[in-house]
Amino acid sequence: MTTIYYTASSLDGFIADPDNSLDWLLSRDIDPEGLMSFGGFRAEVGAGAVGATTYQWVLDQEGDQWDASLPTWVFTHRDLAPQDGVTFTTDDVRRVHAAMTGAAAGKNIWLMGGGDLVGQFADAGLLDEVWVQYAPVVLGGGAPLLPRRLELSLEELGRNREFLCARYTVSPPG
Ligand SMILES: NC(=O)c1ccc[n+]([C@@H]2O[C@H](COP(=O)([O-])OP(=O)(O)OC[C@H]3O[C@@H](n4cnc5c(N)ncnc54)[C@H](OP(=O)(O)O)[C@@H]3O)[C@@H](O)[C@H]2O)c1
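Residues numbered from 1 in each chain as written. Predicted model: local features only at pLDDT ≥ 70, side-chain atom pairs only at ≥ 80, totals over all residues. Heavy atoms only, no water.

Going by what an unreviewed UniProt entry lists, the protein chain is known as Dihydrofolate reductase family protein and is assigned to Nocardioides mangrovi.

As structure tokens, this is what we get:
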């Protein structure tokens, strides 16, 4: 079981532009069967965690339907409508991670973002890998990829059409 931050980023390290838009990302060419594609990644995932802003953005795209096949913990203080498979939480990331590990039943855990939520898992030593698909654009500002100082080790690197794809492991502190 591996805890993975899987996301796409601008070259200058933003996962959304200052208007919380992903227009700069969604228009791009990617091979859905290619390197680090979503389908292959998703098949090995058994549980997910996401911040409220990202969750709301996905619901807006998907007609207010969450993927109920993925047990998901949504970190929020908001009063959000119930969804199958979704647990709303303000709990400590360690306790949530333990619950996710049980739900994942040996499969991987996907930290969907945003960056600070993933940073909270990293602070607790619970982030194993970072997979980033870099789009050929600089945004100059927006939501940061991972606003922490962490040492990483580059394990895999390649191209999927317009994207530079990189897989890193998180190095132990010290
Ligand atoms: N490029 C990509 O592939 C990609 C991937 C993911 C996200 N995104 C985009 O990036 C942006 C991310 O925005 P973001 O980083 O500001 O937001 P985010 O992490 O999605 O959401 C932030 C919110 O999460 C809640 N939260 C975080 N930690 C919490 C905790 N410990 N306990 C309880 N609630 C907690 C808070 O919600 P409350 O306000 O309810 O307290 C906070 O305002 C979004 O626009 C998203 O669509 C892009």
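Scanning the protein chain from N- to C-terminus turns up 5 helices and 10 strands. Taken against the 2.2 N^0.38 rule, which gives 16 Å for 174 residues, the C-alpha radius of gyration of the protein chain at 15 Å falls within 12% of a compact globule. Here the C-alpha coordinates of the protein chain stretch approximately 40 × 35 × 30 Å along the principal axes. Looking at the protein chain residue by residue over its 174 residues, the buried ones come to 47%. For the protein chain, the share of sequence-separated contacts (at least 6 apart) that also reach a separation of at least 24 residues comes to 71%. About 8900 Å² of surface is accessible on the protein chain, with carbon and sulfur atoms providing 50% of the total. Side-chain charges in the protein chain split into 11 positive and 24 negative, and the spacing between the mean points of these groups amounts to 5 Å. (Helix = DSSP H or I, 4+ residues; strand = E, 2+ residues; numbered from the N terminus. Rg over C-alpha atoms; globule rule 2.2 N^0.38 Å. Buried < 20%, exposed > 50% of the residue type's maximum accessible area, 1.4 Å probe, protein only. Contact = heavy atoms within 4.5 Å. Areas by Shrake-Rupley, 256 points an atom, 1.4 Å probe, with all protein chains shown as cover. Lys, Arg positive; Asp, Glu negative; His and termini not counted. Charge placed at Lys NZ, Arg CZ, Asp CG, Glu CD.)

Following the sequence through the fold, Gln 133 ends up in strand E7 (residues 129-135). By relative accessible area, which is 8% here, Gln 133 ends up buried. In contact with Gln 133, other than residues within four places in its own chain, are Tyr 6, Thr 7, Ala 8, Ser 9, Ile 30, Leu 35, Met 36, Ser 37, Phe 163, Leu 164 and Cys 165.

Turning next to the site of the ligand. For the ligand, the set of nearby residues contains 24 residues, the closest of which are Ala 8, Asn 20, Thr 54, Thr 76 and His 77. Between the ligand and the protein, one listed contact pairs a nitrogen atom with a backbone N or O atom of Ala 8 at 2.8 Å. In the complex, 78% of the free accessible area of the ligand, which totals 930 Å², lies under the protein chains. Listing elements by their share of the shell around the ligand, those giving two or more residues are strand E1 (3-10), strand E2 (14-16), helix H3 (52-61), strand E6 (108-113) and helix H5 (115-123). Among the elements that make up the shell around the ligand, the one with the highest residue count is H3 (4 residues). Along the lines of polarity and charge, the residues of the shell around the ligand split into 11 nonpolar, 12 polar and 1 charged. (Near = heavy atom within 4 Å. Polar contact = N/O pair within 3.5 Å; in protein donor to acceptor, adjacent residues only side chain to side chain. Nonpolar A, V, L, I, M, F, W, Y, C, P; charged D, E, K, R; others polar.)

Another aspect to go through is the UniProt feature "domain: Bacterial bifunctional deaminase-reductase C-terminal" (unreviewed entry) in the protein chain. According to UniProt, the "domain: Bacterial bifunctional deaminase-reductase C-terminal" (unreviewed entry) feature falls on residues 4-146. For the annotated span residues 4-146, helix accounts for 29% and strand for 28% of the residues, and the straight-line distance between the end C-alpha atoms is 13 Å. (UniProt positions renumbered as here; feature names shortened; annotations may be inferred.)

With that settled, consider unusual backbone geometry. Residue Gly 114 follows Gly 113 across a cis peptide bond; omega there is 0°. Located in the positive-phi region is Met 36, a residue other than glycine, with phi close to 55°. On the basis of relative accessible area, Met 36 is assigned to the buried category, the value being 8%. With a phi close to 50°, Ala 105 is a non-glycine residue in the positive phi region.

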